[in-house]
Each structure stands twice: as structure tokens, then as C-alpha cells.
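Below are the chains, spelled out letter by letter.
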Amino acid sequence: MCVISTQAWAQAALEIRILSQDGQAVAGADVTIDNAALGLRITKQSDAQGRVRAGPLAAAQGWQVRARQAAGMASEGPFALRNGFTRTLTLSLESTNAVEAIDVVASVRTLSLNSSNAEISATLTAQQIAKLPIEARSLERLLFRLPGVTQSTGFFGEAPAVAINGANALYTNYMIDGLDNNENFLGGQKFAVPVGALQDVTVLVSSYSSEFGRTANGIVNVTTPSGSNDFQGEMVFVTRPGGFLTKEPEGTQTSLFGQPVADSFERYQGALSLSGPLIKDRLFGFINAEYIRDDTTNIVSSPDLGISGDVAGRNTQLLITGRLDAQLSERWRANVRLNVGDVELERPGGGLDGGVTFPSAGSVQDRQSLNAALQVSFTGDSLGYSGALQYSRFRWDFGQPLNGPGPQATLFEENDLTRPLAVIGHPGFIFDSRERTWQTKHVLTATRGQHRLKGGIDIIVANFALAGGGNVNGNFALSIPGASIDALSAAGLDLSIADVPANATIIDAVFETQPNRFGRTQALYSAFVEDQWQVRDDLSFTLGLRYDYDSLTAVGAGSDTDNISPRFAFNYLPRPDISIRGGVGRFVEKIPYAVISDAIQQGSRAQEFISQLEDLQSQGLLPSDADLFALTSDDGNRTVSAACSAPFMCPDPQSLRADAQNLPIAERRIFNPFGLENPEALQASLSVEWEVRPDLLIGVDMQYARGRNLLRLIDLNAPAPFDFDLATFNALTPAQREMMSFVRSPEAADASRPTQGLARSIIYTDSGGRSRYTAMIFKIQKARGDDFYDASLFYTLSRLENDTDDINFRADDANRFERDFGPSLNDRTHVISGLVTLYPVEGLTVSLAGLIQSGQPINFTPDPAVFGTTDLNGDGLSTADQFTGNPDRFPGESRNSGRLGWNAVFDIGIGYGLETTAGTFSLRADVFNVTNANRTSGFPANFTVSNQVQTFGQPFQQTSAGQARTFQLTAGYAF
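Given the structure is predicted, the values throughout are model-derived calculations rather than measurements. (Residues numbered from 1 in each chain as written. Predicted model: local features only at pLDDT ≥ 70, side-chain atom pairs only at ≥ 80, totals over all residues. Heavy atoms only, no water.)

## Topic: the overall build of the protein
Argument step 1. The helix and strand tally for the protein stands at twelve helices and 51 strands.
Argument step 2. Here the C-alpha radius of gyration of the protein, 30 Å, is about what a compact globule of 975 residues would show, namely 30 Å.
Argument step 3. Projected onto its principal axes, the C-alpha coordinates of the protein cover approximately 100 × 65 × 55 Å.
Argument step 4. Within the protein, buried positions represent 60% of all 975 residues.
Argument step 5. Counted over contacts in the protein with a minimum sequence separation of 6, partners at least 24 positions apart contribute 74%.
Argument step 6. Carbon and sulfur atoms provide 57% of the accessible area of the protein, an area that totals close to 36000 Å².
Argument step 7. Charge separation in the protein, taken as the distance between the mean sites of 76 positive and 106 negative side-chain charges, equals 7 Å. (Helix = DSSP H or I, 4+ residues; strand = E, 2+ residues; numbered from the N terminus. Rg over C-alpha atoms; globule rule 2.2 N^0.38 Å. Buried < 20%, exposed > 50% of the residue type's maximum accessible area, 1.4 Å probe, protein only. Contact = heavy atoms within 4.5 Å. Areas by Shrake-Rupley, 256 points an atom, 1.4 Å probe, with all protein chains shown as cover. Lys, Arg positive; Asp, Glu negative; His and termini not counted. Charge placed at Lys NZ, Arg CZ, Asp CG, Glu CD.)

Structure, rendered in C-alpha cells:
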């Protein structure tokens, strides 16, 4: 497949080092920096250290540098500049004749020694991406090819699919052209960037600039293309045929957005990109539009009704990116960018292997996104400025009913209430989240002798509103007389609420009485200063200071105002082809808005609940001066059972609101009564890189990070601690064990709670978690040069331990998190990623990609056949609780004490491009998981249905699987 060559204008910089033939710095050399595709040229002279600095520049391809002095000449290019990064070049002056020859045969240089800072990062350009096997042109299905990035187990189906350094994928910060692209309710991308809207993508892993923050983990920064003076275009069609070309997996596999799909599902995808000048050298345009459609099939099966059949579903994505870039003057540039996304994921009813949810209760998940950004930049002789303003919008309607509002009914046969006959009507819930966000960012740069100074501010204000809760029209459980079963059966797959017989008996009817739309505003204020100090010709220091404030820390009690983050880095060049660099710094993370939304939605100011809080105050479990009104909310949802005279003939739910307020409930939430702290990490790194030759780079990156203030849940009303008597249990025979009780009943557990009343558990989000990460990344990168291949090999040896994996993580027993410190859910000891692209003949590429990983952890749970339950301490938590999984562990087993097996997956892509006078026609075939290996870990999965929860002592039970062997075919035309 071919890639159109486009440019991107964003903040980038260039530092050039001019050396004589004997390796000495050359002062006063005339240096020309130009980009013909953009009509740009800059001329400068090298300083006393032989250096030239330029920026901000367009983050674009096609840059060239030429240096001339009496001692000789040198040139480099064409090469690309990356958004948010200073590229360093070393030019050795040679005789005039030698340099003229170099100018003629200059080629794109894809490898570059980092002689500027200590940043640990990895980048893929559009040209490199075009050669890789990538499913559905998806950014998330690309990133795991980079070191430090792995496919992740998440805590809901739509969670981001990749993790950096093994941390929770929700904490990764996504950016487009240096501006925010996170949906801030939970995390992940707002706009799902396709590869057609990429000039390059960079993952920042550690020791990056103080300009970047809001995460104690990593950053994914996308540079989008713009036009140039050449008019270009590309059309692409992609299909995943399914059917006989795809093998059956061992367990449930998922789509791009985490939905279960059968092996036979089909995907169709079309993309169009256009770019070119609107006014030569002045105004350029770029647009990319991509449409993706997945056709799926579920099975509705109700044996008791005698109804079975297929129901078709459809998932669609429409992703549009547009840019206008203007050269306003010799020094001023501006661009406008627009990202529009509309993603619809259908749940048509049924299931992969059958289910009793009928199409009338089907729903669709909508994810609608918009980013509109204006960026300007000024490049002076020694001063630079870049500024940006972005408005973004994101709507996440998780359960929009396909058939409109109405009641839901779960039907049972009158003599068997253990399994439903059918679920019909409404999906049964509402979750419609909306986020509107403004961001402004301003950065000044100045060069003063040996110092390159940078400073700026970055402000994000996000307003959230959630309509959530149950069904205002009621969720009914109904008993159907046997005589009416035949009438239901006659309706077939069209069974709906209208078919419910009048003589159905109401088992239960639950209504949402307070369908509020509620929310708060999150304001994130950041400021930074940084000095890149060239101490001497071969040694530079980067000293940075950043400050972050998150307004969510002021909700409830306190306010975290001490987030001052110093950062230091060095880069030492013992010789021009070797770089030794390192860094240490504090990195502060924003708080996901969901922790506040959950406290609002599940809050209460009922008098009985307030009395419970006062009781906890009297016991010293809450601060004596805590403002209970500030800690609670009455804006959330309330469901209540209603007494109805007949099916769907019930009182007005509004009249039941007072009853709902005072009903006993398993859980209520409050805001943090002790003051919420932003998560943070102390990070340190040390790296060595050796540019063996211009097309070969080897190196090693060593990392250490210690996290604290990590988010988790505390139960103020937790039962007393419970310790299973394992020694006595092991000493008894099975017959003796049956005569004794080693578990605590829920009643006994509840009796030990500090306070009794409306709420069984009283939960708040705590910021007391901790983590420890160590890693070594070995890398070998070979550019094509004059050879017939290019290749890269990354080996990561790492360990991540923590005592919380997610915002909804709870301690195994009685808030005793010290017993939970262990391997992270996404920890892997070994990850080996290799890429090889062969160029056997002109126009033909063969790409081989391999990923070999050791297994992710297993959390061992008790065997109910042995203990009679999995809830040994009686606290009521189970595997599926809060999506996170909070089951009791098998006695004597530490958290995540087991490991799944190693897995290996190999992909291959074969592409051919035929150049003609009318353009380039291309064909490509990708095969994922060529060997059809059964993978039990190392692929995107929801934890509660992953293979990482196993019953201790029982045979391994596989519930999910990585992608089976899959074919993808692509046809393209570029001009």
C-alpha cells in the first residue's frame, strides 16, 4: 500500500552540530535549513560550540540542512521533524567535491541518535506504518509494536487496548499535535485516530520534557498531516472476509471496541485522503475520511419457547480529520484542525452461542467526538512562540435503545423462576455521558548562548454531565402462565412488550425515580519552565520544573496544591556515535472524573445515612470536623420497587422518590473526607545508544518508577478483618472439614460492621496506593539504507508491582491493602517484539512481525465445591463486582500469585505497488496469527471474563482468547 507524502505544522525544533574533519566544533559556518514542499528556508550561523538551533518549526517531512564554511561543506536530508521534540544532527564538514556528491544521493534518514535529552520514547512514521500488518488501520492495534507498550487487560469492554509500562491503560495521556485527546470521564481516546490521519505517532515512556504531564505513566502523541505544494491523494479499501478464511478461537474474542464477536464476523473499510496547496507556498489543505463497518451475527435461543434464530448486528465508525495550514508571513504560521468521529456499536440481542435477550431489547452504544483546534507559531532569530486553543466534545451514550423508550420485561415460566424465558423491551438502564472541554496552551522559547529556555502554561476546563440510572418506564420480572407460553412462542424473534399476556403475574417492578443529569467541572492548570543547557560541546543538562493543579482534589475536603515537579536530565556524548543519557523527575497524574461522578450517582443525604456518617465520626473513622453536607450528594439516581395493579400499570415513579431515598442499599458513596491527592511517580532512567553506522542503532534503556497516591476504594463500614484458619483446615480430612465451618457468613460479617443502617458499605475513593516498576529495554534498529531489508528487535525485561490496579480496586479483606501488594494485572516479565520488512524486487514488500510474551498473572479464587462459597469473609464481594473483580483469594495465596503460559503470535503482510503515469496502484494481504496459536493472555480483554481469574486446584478454564488466524485484504490507489 502506498502512502501520500504530507506535512504537519506543529511545534518541533532542530539542533545542528557542525564539526570539522578532525572532530572540532566549527564556529561561523553558514547553515541553510529548508523545506521545498512548504516553501520554507531559514539561514543561520553556527555559534562558538558549532551549534545552530531553530524552532518552532513545522513537524514535517522533507527537511534538508546544508552547512558551508571555508573548511568544507556538509548536508543532511531529507528527514522528518517530530511534534514536541528537538531533533539533533551532527554534520562533519568535508571537501566541496565530496559534499556535492552527497547532496545528489541524499536519502531519508530514519534513525537518529538522541544527543539532545534523556527522553525514552519510540516513533513510527506513516511510511513505516504502511508496511506493517495492522488490523483495521487502528492506532491501538499499532502501538503495541513499540517498546514499553503492551496489549492490556482492562476493566470494561471498551477500555483502551494498550498499556504503557504495565500500568492501567486508563492513565495513558493521548494527544493530537500536542493537544489533549483524552475522554476524561474514564480515559482513552476521544477521537479514535486512524492511521490515515497519522504523519507519525510517538510513545513517550519516561524522562520526557516538563512540557508534558497529567500522567505518571506514558503519553501517546500523534502528529497529523497537512498539505504541501504537491497535490496528492489516496483511496484505500480494506476487508476482513471472515468465514472459511478465519479459524475458530479457543475462547471469546473481541472487536476493536471490546465487544464479543464470532469468528465469522466481517469488516469493510474505506478511506480517502486528499492534500495539496490552496495557495502555493501560503495555504495548504488536508482531509482524511475513513468509514468502517463490522457485520456481526448473534444467536437468540430460548429452548422453553421453542424460538431460535440469528440476529444481525452492525458496528460502524466514521472518522474525519481535516486541516488548513497557512504561512501568514516569513515568521508566522497558523493551522486549523478538525477531528469528527461517530462510532456506533450495536447490541442486537442474543449472544455468540445463544441468549434470551430478544431484538426488542437491543441497544446501540454511541461514541461521538469532536476536536476543533487553532494553533499559531512564531519563529524569530532567538525567540519562538506557539499558542493553541481547542474546543472538544465527547458524548458516550452507552445504552441507547434500538426500539425507543419503554419498559423492560424479563419473562419466567410460572413453575420455574430459576431461568428466564426471554428479556424483551428496553435495555433496562441509562448511561449518557457528555463532556465539553476547552484547552489553551502557550509556549515561549528563547536561545541565550548555551541555554535554550522554554516555558509555558496549559489549561484544560472540562464540563461533565451524566444521565444515568435505571429505566424510568420500569424493569419488570413477570411470571407467565403455562397456557400463555404458546402465544409467546408464536411471536418468534419479534417477541416484544406488546406480546405480554394480561394474566402475567408481577414478581418485581423496579423504577428509576430520579433520572437526573448531573455533573461537575474539572479544571486542570499547568505551568512549566525548562532550560536545556549545553554545558560543553559533549554534555548537556535539561533542568525543568512543572506545576499542576486539579480542581477535583477540592471536591469533598482539602485541595492538593503541592504538585511541584522538578525534573533533571543529562545527555553525554563520549564520542559522536555514542550517547549516554539519564533523567530523574516527579510526574503527577490527573484524576479520572469517574471517581467524582460515581460518588454523586451513588450518594445520599437521607437522614438515616447521615446518622450512619455521624456514628462513624463518633468512632474516629471520619474526621470530627468533616462537613457531612460537603461530603455527600443528593443529585444521583434512585431506583425503587413499585406495587403495580397489572403489568405496566403502575404508579408514577415520581411519587416513589421519597421511598427510594430511604431504602436499604448495599453501597453508598461519599467524597474523600481526608482530601484527595493526585497520583504521582518518581521516575528515573539511564540509557546508552550506539549509532554503529547511519543505518544501525543499538541501545539499552533502564527504568525505575515508584508510584504513590494511587487511586483505590476504601469501605468505611467494612466488616472486621477475617483470617482463614488455613493451618487447621489443612490438618483435617475432607470428612472432618464438612463438619466444621471455616467461612464467615454474610450475617456475621454485617454484624461486625462499625455502623448499621441504610447503607451496608460506605465507600470513598482513596489516594493511598503505591507501585514499583523496574525495566530494561534492549533494542536493535536497522534502517534499510542500501540493503534489501530493514528490521527492529525490542526485548523488555520488567516487573510492575502495586496494591491497586484500578479506581474501583478494593482490598481483599477489610481495607488491608498491605496484603495486596503484588504483580500488576498487566505485568509481564518478558516481551520480545520483532519486525522485519523485505524488499525483494521493486514495488514488493514482505513484512514479518512477531510478538513473544511471558504470561500475565492469575488471581486464584476459592473452590465453591470445597468451601461452599467463594466469599470466605462474608463481605459480599464477588468476581464480577464493579467490573474490577474483587473476589476472595484462595487461603494462603497472595494476589496474582499464578502465571499464564507464554504465548507467541506472528503476523505477515505482503504488499505490491505498481507505479504508472496515472498514480500508484497497490494490493496488500495481511495474515494475523499465521500459526493460529491459542493465546491465553497478552491480548485486549475485560478482566472479569479474562483467563486471569482461576479456581485454585481446578483445571485451567479458558474463557477468552486472542485473535485467531485472520485475513485482511487491502487495495489502494495513490496519486
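Next comes the rest of the write-up.
## Things to note about the pairing of strand β15 (residues 219-223)
Argument step 1. When you tally the buried positions in β15, you get five out of five residues, the bulk of the element.
Argument step 2. Alternating residues of β15 divide into Ile219, Asn221 and Thr223 and Val220 and Val222, and every residue in both groups is buried.
Argument step 3. In this sheet, β15 lies alongside strand β12 (residues 173-176) in parallel orientation, the contact comprising four bridges. Residue pairing in the sheet places Met175 in a bridge with Asn221 of β15.
Argument step 4. Here strand β14 (residues 200-206) runs beside β15; their pairing, made up of five bridges, is antiparallel. Each bridged residue has a counterpart across the sheet, and for Val203 the counterpart in β15 is Val220. (Pairing = 2+ DSSP bridges.)

## Things to note about the sheet that holds strand β1 (residues 12-19)
Argument step 1. Taken in spatial order, the three strands of this open sheet run β4-β1-β7, and their pairing is mixed. Edge strands, defined here as strands with exactly one partner in the open sheet, are β4 (51-57) and β7 (86-92). Across the sheet, the axes of successive neighbouring strands diverge by a mean angle of 15°, strand direction being ignored.
Argument step 2. With seven bridges connecting them, β1 and β7 associate as parallel partners. Note on β7: the bridge partner recorded for Arg17 is Thr90. (Axes fitted to C-alpha atoms, helices over the stretch in contact; angles between N-to-C directions.)

## Some thoughts on the state of the cysteines
Argument step 1. Tallied over the entire structure, the rule returns one disulfide.
Argument step 2. Across the disulfide, Cys644 is cross-linked to Cys650 (sulfur-sulfur distance 2.0 Å). Measuring the twist about the S-S bond at about 110°, one finds the Cys644-Cys650 disulfide to be right-handed.
Argument step 3. The class for Cys644 is buried, based on a relative accessible area of 18%. (Disulfide = S-S within 2.5 Å.)

## A word on the packing of aromatic side chains
Argument step 1. Enumeration over the complete set of coordinates arrives at 33 aromatic pairs.
Argument step 2. When the centroid spacing of 6.5 Å and the interplanar angle of 35° are considered together, the rings of Phe809 and Phe817 count as tilted. Each member of the pair, Phe809 together with Phe817, is buried.
Argument step 3. Here the aromatic cluster, defined as three or more aromatic residues joined through ring pairs, consists of Phe156, Phe185, Trp396, Phe398, Phe429, Phe431, Phe464 and Tyr593.
Argument step 4. The side chain of Arg605 reaches across the aromatic face of Phe629, ending 3.6 Å from its centre.
Argument step 5. Positioned above the aromatic ring of Phe817, the side-chain terminus of Arg712 is 3.9 Å from the ring centre. (Phe/Tyr/Trp six-rings, centres within 6.5 Å; stacked < 30°, edge-to-face > 60°. Lys NZ or Arg CZ within 6 Å of the ring centre and 35° of its normal.)

## A few points about the nonpolar core
Argument step 1. Core analysis: the largest hydrophobic core is formed by 29 residues, its most contacted members being Leu139, Leu142, Leu143, Leu198 and Val201.
Argument step 2. Formed by 27 residues, the second largest nonpolar core is a distinct cluster that contains Ala422, Ile424, Ala504 and Ala660. (Core = buried A, V, L, I, M, F, W, Y, C linked by side-chain atoms within 4.5 Å.)

## Description of the sheet that holds strand β46 (residues 898-899)
Argument step 1. The mixed open sheet is built from three strands, whose spatial order is β46-β45-β50. For this open sheet the edge positions go to β46 and β50 (949-951), each flanked by a neighbour on one side alone.
Argument step 2. Inspection of the sheet shows strand β45 (residues 857-861) paired to β50 by three bridges, in the parallel sense. Opposite Phe860, over in β50, you have Gln950 as the bridge partner.

## Quick notes on the pattern of salt bridges
Argument step 1. With the rule as written, the count across this model stands at 57 salt bridges.
Argument step 2. In this structure, Arg819 engages Asp723 in a salt bridge whose closest nitrogen and oxygen atoms are separated by 2.9 Å. Highlighted residues: Arg819 in the loop between β41 (789-802) and β42 (822-823) and Asp723 in the loop between β39 (696-715) and α9 (726-731), separated in sequence by 96 residues.
Argument step 3. Because the salt bridges share partners, they merge into one network encompassing Arg395, Asp397, Asp432, Arg434 and Arg517. (Salt bridge = Lys/Arg side-chain N within 4 Å of Asp/Glu carboxyl O.)

## Notes on helix α6 (residues 607-618)
Argument step 1. Across its twelve residues, α6 extends 16 Å between first and last C-alpha, which sits within 8% of the 16 Å expected from 1.5 Å per residue.
Argument step 2. Taken together, the buried positions of α6 are occupied by Phe609, Ile610, Gln612, Leu613, Leu616 and Gln617. Buried residues of α6, seen end-on, are gathered within an arc of 155° and therefore sit on one face of the element. Exposed residues lying more than 90 degrees from the buried face of α6 are Gln607 and Ser618. (Expected span 1.5 Å × (residues − 1). Arc of directions from axis to C-beta.)

## Here's the deal with helix α5 (residues 594-601)
Each turn of an α-helix holds 3.6 residues, which means side chains three or four residues apart point in the same direction.
Argument step 1. Here α5 lies mainly inside the structure; eight of its eight residues are buried.
Argument step 2. Among the residues of α5, Ala594, Val595, Ile596, Ser597, Asp598, Ala599, Ile600 and Gln601 are the ones counted as buried.
Argument step 3. Tucked inside the fold, the buried residues of α5 contact β28 (451-469), β31 (517-518), β37 (665-669), β39 and β40 (759-782).

## Some remarks on the confidence of the model for the protein
Argument step 1. Averaged over every residue, the pLDDT of the protein is 90; the share at 70 or more is 95%.
Argument step 2. Segment residues 1-10: pLDDT under 50, and 67 contacts once partners within four positions in sequence are set aside and those in other chains are kept.
Argument step 3. Residue range residues 97-109 is modelled with pLDDT below 50. Its contacts to residues more than four positions away, or to other chains, number 19 contacts. (pLDDT = per-residue confidence, 0-100.)

## Details of the environment of Asn942
Argument step 1. Relative to the helices and strands, Asn942 resides in strand β49 (residues 941-942).
Argument step 2. Here the alpha-carbon distance between Asn942 and Ala161, two residues 781 residues apart in the chain, equals 9.8 Å.

## Let's talk about the pairing of strand β34 (residues 564-575)
Argument step 1. With nine bridges joining them, strand β33 (residues 539-550) and β34 adopt antiparallel strand pairing. Within the sheet, the bridge partner assigned to Arg546 lies in β34 and is Ser565.
Argument step 2. Here seven bridges tie β34 to strand β35 (residues 578-588), and the two strands are oriented antiparallel to one another. Its bridge partner being in β35, Phe568 is matched across the sheet by Val584.

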